[in-house]
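Each chain, letter by letter, is given below.
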Amino acid sequence: MAKKIRVLIAKPGLDGHDRGAKVIARALRDAGMEVIYTGLRQTPEDIVEAAIQEDVDAIGLSCLSGAHMTLFPEVVKLLKRRKSGDIVVAGGGIIPEDDVPKLKKAGIKEVFGPGTPLAHIVDFFRKAAKGG
Amino acid sequence: MAEAEDLKELERRHRRWESTALRESLDAVPERREEFVTTSSRPVARLYTPLDLARTPDAERLGNPGEFPFTRGIHPTMYRGRLWTMRMFAGYGSAEDTSRRFKYLIEHGETGLSVAFDMPTLYGYDTDESEAKGEFGTCGVAVSSLEDMKALFAGIDVGSISTSMTINGPAAAVWAMYLAMAEAKGVPWTKLRGTIQNDILKEYQAQKEWLFPPEPSMRLVVDTFEFGSKHVPQWNTISISGYHIREAGATAGQELAFTLANGLEYVRWGVDRGMRVDEFASRLSFFFNAHNDLFEEIAKYRAARRIWAREMRDTFGAKNPRSWLLRFHAQTAGVSLTAQQPEVNIVRTTIQALAAVLGGTQSLHTNAYDEAYQVPNEKAARIALRTQQILAHESGVANTVDPLGGSYYLEWLTDRLEEESYAYFDRIQELGGVIPAIRKGFFQQEIANSAYRYQREVEDRERIIVGVNDFVVDEEPEVEPLRVTEASLRAQVERLRRIRKDRDRRKWERALDRLRNACEGDENTMPHILDAVRASATLGEISGVMREVFGAWEEPLLY
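Along every chain, residues carry numbers that run from 1 in the direction the sequence is written. Whichever chain is written first is A, and whichever ligand is written first is 1; the rest continue in order. A pLDDT threshold of at least 70 governs which residues receive local features in this predicted model, and a stricter bar of 80 or more applies before side-chain atom pairs are shown or counted, although totals over entire chains, interfaces and linings include all residues.

Student: I would appreciate a short explanation of the overall build of chain A in the present structure.
Tutor: Secondary structure summary: chain A contains five helices and five strands in total. Think of it this way: any DSSP run of H or I at least four residues long counts as a helix, any run of E at least two long counts as a strand, and we number them from the N terminus. In sequence order, chain A lays out its α and β elements as β-α-β-α-β-α-β-α-β-α. For a compact globule the rule gives 2.2 Å times the number of residues to the power 0.38, and the radius of gyration it is set against comes from C-alpha atoms. By the compact-globule yardstick of 14 Å for 132 residues, chain A fits well, its C-alpha radius of gyration being 13 Å. Considered along the principal axes of its C-alpha atoms, chain A spans approximately 40 × 35 × 25 Å. For chain A, buried positions account for 53% of its 132 residues. Placing C-beta atoms from the backbone, we regard two residues as in contact once those atoms come within 7 Å. Pairs at least 24 residues apart make up 73% of the contacts formed inside chain A by residues separated by at least 6 positions. Exposure criterion: with C-beta atoms placed from backbone coordinates, a residue whose C-beta has 20 or more other C-beta atoms within 10 Å is buried, one with 12 or fewer is exposed, and one in between is partly exposed.

Student: Explanation requested: helix 15 (residues 378-393) of chain B in the structure shown.
Tutor: Turn by turn, an α-helix covers 3.6 residues, leaving residues three or four places apart pointing in a common direction. Residues and elements named next belong to chain B. In a regular helix each residue adds 1.5 Å, so 16 residues correspond to 22 Å; helix 15 covers 22 Å between its end C-alpha atoms and thus fits that length. Turning to helix 15, its buried residues are Ala380, Ala381, Ala384, Leu385, Thr387, Gln388 and Leu391. For helix 15, the arc enclosing every buried residue in end-on projection is 140°, short of the 170-degree limit, so these residues lie on one face. Structural note: helix 15 exposes Lys379, Ile390 and His393 on the side pointing more than 90 degrees away from its buried face. Where helix 15 is buried, its residues meet strand 3 (85-90), helix 3 (95-107), helix 14 (345-358) and strand 11 (363-365). Expected span of a helix, by definition, is 1.5 Å for each gap between consecutive residues, and there is one gap fewer than residues. The arc in question is traced by the directions running from the helix axis to the C-beta atoms.

Student: Honestly, the sheet that holds strand 2 (residues 34-37) of chain A in this entry has me stumped. Any pointers?
Tutor: Two pairing modes exist for strands in a sheet, parallel and antiparallel, and in both the strands are linked by backbone hydrogen bonds. Residue and element names in this part refer to chain A. Any two strands with at least two DSSP-identified bridges between them are counted as paired. In space, the five strands of this open sheet follow the order 2-1-3-4-5, with parallel pairing throughout. A single partner strand is all that each edge strand has here, and the edge strands are strand 2 and strand 5 (110-112). Direction aside, neighbouring strands of the sheet carry axes that sit 20° apart on average. In the sheet, strand 3 (residues 58-63) pairs with strand 4 (residues 88-93) via six bridges, with the strands oriented parallel. Along strand 4, the bridge assignment pairs Ile59 with Val89. Lines fitted to the C-alpha atoms define the axes, with helices restricted to the stretch that makes contact. Angles between their N-to-C directions range from 0 to 180 degrees.

Student: Could you clarify how one ought to interpret the packing of helix 1 (residues 19-30) of chain A against helix 18 (residues 442-459) of chain B in this entry?
Tutor: Pairs of packed helices are described in terms of their axes, by the angle between the two and the distance that separates them. Axis separation between helix 1 of chain A and helix 18 of chain B bottoms out at 10 Å; the angle between their running directions is 70°. Accordingly, the angle class assigned to the pair helix 1 of chain A and helix 18 of chain B is roughly perpendicular. Seen from above, helix 1 of chain A lies across helix 18 of chain B with right-handed handedness. In contact with Arg19, Lys22, Val23 and Arg26 of chain A of helix 1 of chain A, helix 18 of chain B contributes Ala448, Ala451, Tyr452 and Gln455 of chain B. Here the residues of the contact of helix 1 of chain A with helix 18 of chain B are counted per class, giving four nonpolar, one polar and three charged. For classification, angles of less than 35 degrees are called roughly parallel, those exceeding 145 degrees roughly antiparallel, those between 65 and 115 degrees roughly perpendicular, and all remaining angles oblique. Throughout, a crossing is termed right-handed when the near helix is turned clockwise from the far one, and left-handed when it is turned anticlockwise from it by less than a right angle. Three categories are distinguished: nonpolar for Ala, Val, Leu, Ile, Met, Phe, Trp, Tyr, Cys and Pro, charged for Asp, Glu, Lys and Arg, and polar for the others, with Gly belonging to the last.

Student: In this structure, what is going on with the environment of Ile196 of chain B? I would like to understand it.
Tutor: For Ile196 of chain B, the location among the structural elements is in strand 6 (residues 194-196). Separated by 36 residues in the primary sequence, Ile196 of chain B and Ser160 of chain B place their C-alpha atoms 17 Å from one another.

Student: Just to check I follow, could you spell out the interface of chain B and chain A for this structure?
Tutor: In many analyses, interface size is given as the accessible surface area lost on bringing the parts together. At the junction of the two partners, chain B supplies 30 residues and chain A supplies 28 residues. The leading source of residues in the side of chain B that touches chain A is helix 18 of chain B, at five residues. Among the residues making up the side of chain B that touches chain A, the classes are represented as 15 nonpolar, eight polar and seven charged.

Student: I tried to follow the sheet that holds strand 8 (residues 238-241) of chain B on my own but got confused; where do I start?
Tutor: All names here are of chain B. Judged by pairing direction, the sheet is parallel, and its nine strands sit side by side in the order 7-6-5-4-3-11-10-9-8 without closing on themselves. Each edge of the sheet is formed by a strand with only one pairing partner; in this case those strands are strand 7 (235-236) and strand 8. The pairing of strand 6 with strand 7 spans two bridges and is parallel. Considered in strand 7, the bridge of Gly194 is made with Trp235. Each of strand 3 and strand 4 (112-116) is contacted by helix 3, which is oriented at about 155° to strand 3, the strand it contacts most.

Student: Explain helix 6 (residues 171-185) of chain B to me, please; I cannot follow it from the model alone.
Tutor: Residues and elements named next belong to chain B. Taking 1.5 Å of rise per residue, the 15 residues of helix 6 would be expected to cover 21 Å, and the 21 Å separating its terminal C-alpha atoms lies within 8% of that figure. Most of helix 6 is tucked away: eleven of the 15 residues are buried. For helix 6, every residue scored as buried is listed here: Ala171, Ala172, Ala173, Val174, Trp175, Ala176, Met177, Tyr178, Leu179, Met181 and Ala182. On the buried face of helix 6, the contacting elements are helix 5 (146-152), strand 5 (163-166), strand 6, helix 8 (214-231), helix 21 (526-534) and helix 22 (539-550). Directly beyond the C-terminal end of helix 6, a positive phi value near 85° is found at Gly186.

Student: How should I be thinking about the pairing of strand 9 (residues 284-290) of chain B in this particular structure?
Tutor: Each regular strand carries side chains that alternate between the two faces of the sheet. All names here are of chain B. Most of strand 9 sits out of view: seven of its seven residues are buried. Across the two faces of strand 9 the burial is the same, with Leu284, Phe286, Phe288 and Ala290 and Ser285, Phe287 and Asn289 all buried. Inspection of the sheet shows strand 8 paired to strand 9 by four bridges, in the parallel sense. Residue pairing across strands places Ser241 opposite Phe287, the latter belonging to strand 9. Bridge count for strand 9 against strand 10 (residues 328-332) is five bridges, and the pairing is parallel.

Student: In this structure, what is going on with the environment of Lys319 of chain B? I would like to understand it.
Tutor: By the element assignment, Lys319 of chain B lies in the loop between helix 12 (294-315) and helix 13 (321-324). Here the alpha-carbon distance between Lys319 of chain B and Val277 of chain B, two residues 42 residues apart in the chain, equals 8.6 Å.

Student: Honestly, unusual backbone geometry in this entry has me stumped. Any pointers?
Tutor: Residue and element names in this part refer to chain B. The omega torsion across Phe68 and Pro69 is 0°, close enough to zero to call that bond cis. Its identity as a non-glycine residue notwithstanding, Gln341 has a phi of 45°, on the positive side. The topology assignment puts Gln341 in the loop between strand 10 and helix 14. Given 16 C-beta atoms within a 10 Å radius, Gln341 is considered partly exposed.

Student: For this particular structure, what's the right way to read the packing of helix 8 of chain B against helix 10 (residues 252-272) of chain B?
Tutor: All names here are of chain B. As a packed pair, helix 8 and helix 10 sit with axes 10 Å apart at the nearest point and diverge in direction by 70°. By the angle between their directions, the pair helix 8 and helix 10 is classed as roughly perpendicular. Where helix 8 approaches helix 10, its residues Met218, Val221, Val222 and Phe225 are matched on the opposing element by Tyr266, Trp269 and Gly270. When grouped by side-chain class, the residues that make up the contact of helix 8 with helix 10 number six nonpolar, one polar and no charged.

The following block contains the structure:
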């Protein structure tokens with residue numbers, strides 16, 4: 001049997017909006033992935049530590065408070081520092097269009113805005129885990 | 001309620017209709033779908049008639065407006081006497097940034113203020129603490145000190161306008177800042193009108209902005225009830241909120257049931273403190289969501305009033321009719337706003353606001369169309385306010401009380417929502433009450449389940465969201481961005497530095513020591529929080545003392 005794809009769904013910063021993160025976690029689990037949900041108020045350090053401990057293929061970050069420009073790139077930076085730059089990082093939440101290219105430049109592989117179909121996100125993580 | 005004979009006749013005629021006109025129609029044009037459901041996935045029948053209604057007399061179920069059980073409204077004349085308060089939730093950047101927005105909204109006709117705080121403030125952190133990194137002013141205003149509170153209300157007459165503050169974990173401290181600000185302006189507390197949200201139970205269930213574990217948090221809430229009833233008699237010391245429960249994914253029925261269960265829990269805690277129920281019950285207020293399903297929402301508000309009146313009078317023995325009244329604020333559903341074709345959100349918000357008005361709300365916030373992207377820009381906020389003004393002055397819906405009362409469908413829905421609430425009350429009771437149910441993750445799991453079901457329905461296109469999974473256009477939306485400036489952040493950090501440097505250190509230290517003692521003991525903390533605020537203690541410092549005494553809360557992890 002093929003190894004299950006492992007994804008960490010994380011809520012960085014103080015933002016308490018966890019509806020989206022939980023729905024995504026469940027959709028990935030229903031699609032056969034192993035999902036680890038960090039819970040709220042995680043620092044980028046906490047998230048990177050959990051990702052390495054849990055040996056995940058990818059991380060999904062969710063932030064609706066507007067702190068994404070500070071917190072998302074920090075996760076990528078710390079992963080690289082811990083020699084785990086192969087873990088794919090994606091983000092979602094309330095993210096202005098202008099910020100998307102900046103986040104991608106900072107190493108966030110994909111940014112999902114409100115209304116993105118679940119199937120689309122599931123596909124993304126499937127491909128990401130295959131190194132695609 | 002119809003007489004038994006009439007009902008029999010009605011039933012005969014209904015059967016005849018089903019076998020003739022209805023059958024022919026269905027043969028010619030089948031219905032669009034097998035099952036029709038509400039936004040909350042409640043099945044809806046083709047037609048409602050008196051046959052669907054409860055057999056209890058209207059006088060008991062509905063009563064007159066302003067009379068028990070208040071199903072039709074809390075005032076005899078409702079909006080013919082006074083329109084609802086148009087209260088726009090606003091806040092971003094620094095106190096000065098937000099104060100400008102307040103004045104703009106007042107200038108354009110809003111009639112009450114409502115403060116949105118930023119994430120660090122909501123968690124009791126100062127802007128310059130490490131936890132606040134990246135979060136300054138992004139989804140509300142930063143208020144770290146009395147100085148910030150003074151800047152926020154500079155030039156605003158707090159003796160005449162009412163102010164609502166969406167603050168929960170650190171509500172007591174932020175309220176103390178407001179009270180100290182009014183004191184400094186020379187406005188007596190007896191003249192102050194407003195609301196602190198202060199509803200910590202729904203934080204554990206849905207909004208997730210808690211500071212401490214449930215029990216010490218509840219103690220702080222009751223401290224504010226007690227303090228308010230003695231010193232700030234016109235202030236609503238809590239706004240028991242279903243809004244966030246709904247936003248997190250709950251159905252209308254869950255929103256109603258969990259909110260009222262929380263409300264009853266606060267009353268129990270107040271009574272356990274030794275207060276008479278009539279001493280504080282009239283200062284409890286409520287806050288509900290106004291979502292897409294017009295009739296279901298209206299029914300929810302009507303059921304809420306009926307259940308609350310009955311519980312307060314019959315279960316808690318409240319004697320003062322004011323204690324029986326469920327007064328509420330409503331806000332249109334943020335979660336319903338789409339990032340796609342955002343201007344269409346104006347239409348959604350209009351329908352939702354209409355539900356709140358037809359449901360008899362006391363005050364209303366209408367969301368701006370750009371809120372799937374950001375805290376609203378000025379123009380978007382103005383259109384949202386105009387939506388309320390059109391409902392009030394052009395639509396005619398404010399001309400009569402409870403205009404939909406007696407609608408078979410609406411009354412049926414009201415009865416069903418009421419039943420659903422009582423079924424949930426029983427389940428919560430079986431789990432040992434609200435706080436044990438929170439510890440078991442009951443509410444959280446119920447909400448997550450509903451959120452997931454809704455999303456699957458959208459995904460499978462059983463539920464159409466215009467612009468998202470149907471009627472899609474391929475164009476980039478134009479939303480004028482609102483950004484918090486670096487200059488605001490620098491000024492805020494500088495103000496905090498100056499406060500810490502200039503204050504009387506001994507006075508400050510003594511105040512925090514006394515606050516610590518009060519937290520460790522069982523006296524009311526409010527006077528000590530006020531003294532700490534007056535001695536220029538910051539929000540982060542006050543919350544820090546409390547964190548040391550009360551500890552932290554880890555929520556059960558589930559999804």
